[in-house]
Amino acid sequence: MNENIIRLNNIHEVIALFDAIALEANLPAMCYEKTRYIPWSVFKDMQVYALDFEPYLSIGQRCNMHYFGIMQSKRRLYLAHCNDAGHAPRWEARPITLAQLMDGELMEYLHKNHAYNLGLKISFDLDYAI
């Protein structure tokens, strides 16, 4: 997947991604507070973006990440990762809003300890299309 990473160099490029999301793809507010499992087939087809500017470069360093990334499905943007901590891999995704992404403290909190905090709010009852 790393060969297909698109680097975003400023916040204007990020805003353009969010602006391109169709209004009908917006989810109820509670969905933006929860993470869910997704199939590998969906995860591998998402476009990966590396945010190659501050504060995301520093957040990535503090959270031991190769880069701070967001992923895009056909409908919306996500924080997503593979959780392989002592069990079979599980692919986790949490939809994000631009406001959440711009909250540096929240992004660092969610990614601390290899995205441990993203996985704390796994919801098994979310069934929206990724």
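Residues numbered from 1 in each chain as written. Predicted model: local features only at pLDDT ≥ 70, side-chain atom pairs only at ≥ 80, totals over all residues. Heavy atoms only, no water.

Undergrad: How should the overall build of the chain be read in this particular structure?
TA: Secondary structure assignment for the chain yields five helices and six strands. Listed N to C, the secondary structure of the chain is β-α-β-α-β-α-β-β-β-α-α in terms of helices and strands. A principal-axis box enclosing the C-alpha atoms of the chain has dimensions of 35 × 35 × 30 Å. Taken across its 130 residues, the chain has 42% of its residues classed as buried. A total of about 7,400 Å² of accessible surface is found on the chain, and carbon and sulfur atoms cover 53% of it. Considering the chain, the positive charge centre built from 12 side chains and the negative charge centre built from 15 side chains are found 6 Å apart. (Helix = DSSP H or I, 4+ residues; strand = E, 2+ residues; numbered from the N terminus. Buried < 20%, exposed > 50% of the residue type's maximum accessible area, 1.4 Å probe, protein only. Areas by Shrake-Rupley, 256 points an atom, 1.4 Å probe, with all protein chains shown as cover. Lys, Arg positive; Asp, Glu negative; His and termini not counted. Charge placed at Lys NZ, Arg CZ, Asp CG, Glu CD.)

Undergrad: Quick question: what am I supposed to make of the environment of L23 here?
TA: On the secondary structure map, L23 appears in the loop between α1 (11-19) and β2 (36-38). What makes L23 exposed here is its relative accessible area of 70%. In sequence terms L23 and H81 are 58 residues apart; their C-alpha atoms lie 25 Å from each other.

Undergrad: When you look at α1 in this model, what are you seeing that I'm missing?
TA: Residues separated by three or four positions in an α-helix point in the same direction, a consequence of the helix having 3.6 residues per turn. Residues V14, L17 and F18 constitute the buried set of α1. For α1, the angular spread of buried residues about the axis comes to 95°, placing them on one side. Among the exposed residues of α1, those oriented more than 90 degrees off its buried face are H12 and D19. Structurally, α1 contributes buried residues whose contacts are with β1 (6-8), β3 (47-51), β4 (69-72), β5 (77-83) and α4 (98-101). With a side-chain oxygen lying 3.0 Å from the backbone nitrogen of H12, the N-terminal cap of α1 falls on N10. (Arc of directions from axis to C-beta. Contact = heavy atoms within 4.5 Å. Polar contact = N/O pair within 3.5 Å; in protein donor to acceptor, adjacent residues only side chain to side chain.)

Undergrad: How should the state of the cysteines be read in this particular structure?
TA: By definition, a disulfide links the sulfur atoms of two cysteine residues through a covalent bond. Summed over all chains, the structure comprises zero disulfides. For C63, which is in no disulfide, the shortest distance to another cysteine sulfur is to C82 and amounts to 18 Å. (Disulfide = S-S within 2.5 Å.)

Undergrad: What is the right way to read the pairing of strand β6 (residues 90-95) from this model?
TA: It is a general feature of regular strands that their side chains alternate between the two faces of the sheet. Most of β6 is tucked away, with five of its six residues classed as buried. Looking at chain direction, β2 and β6 are connected through three bridges and run antiparallel. From the neighbouring strand, Y37 faces β6, where its bridge partner is E92. Pairing between β5 and β6: six bridges, direction antiparallel. Directly across from A80, in β6, lies its bridge partner A93. (Pairing = 2+ DSSP bridges.)

Undergrad: It is not clear to me how unusual backbone geometry should be interpreted in this structure. Could you clarify?
TA: When glycine is set aside, most residues are seen to have a negative phi, and most peptide bonds are trans. Residue P55 follows E54 across a cis peptide bond; omega there is 5°. Relative to the helices and strands, P55 is located in the loop between β3 and α3 (56-62). Located in the positive-phi region is N64, a residue other than glycine, with phi close to 55°. Relative to the helices and strands, N64 resides in the loop between α3 and β4.

Undergrad: How do you make sense of the pattern of salt bridges when you look at a structure like this?
TA: Side chains bearing opposite charge may pair, as long as their charged atoms lie close to each other. In the structure shown here, the tally under the stated rule is four salt bridges. Between R94 and E33 there is a salt bridge, with its nearest N and O atoms 3.6 Å apart. One end of the pair, R94, is in strand β6; the other, E33, is in the loop between α1 and β2, with 61 residues separating them in the sequence. Of the residues examined, E33 reaches a relative accessible area of 40% and is grouped as partly exposed. Residue E108 pairs with R62 through a salt bridge whose shortest N-O separation is 2.8 Å. Within this pair, whereas E108 is found in helix α5 (residues 104-119), its partner R62 is found in helix α3, the two being separated by 46 residues in sequence. Overlapping salt bridges, with partners in common, bring together R62, E108 and K112 in one network. (Salt bridge = Lys/Arg side-chain N within 4 Å of Asp/Glu carboxyl O.)

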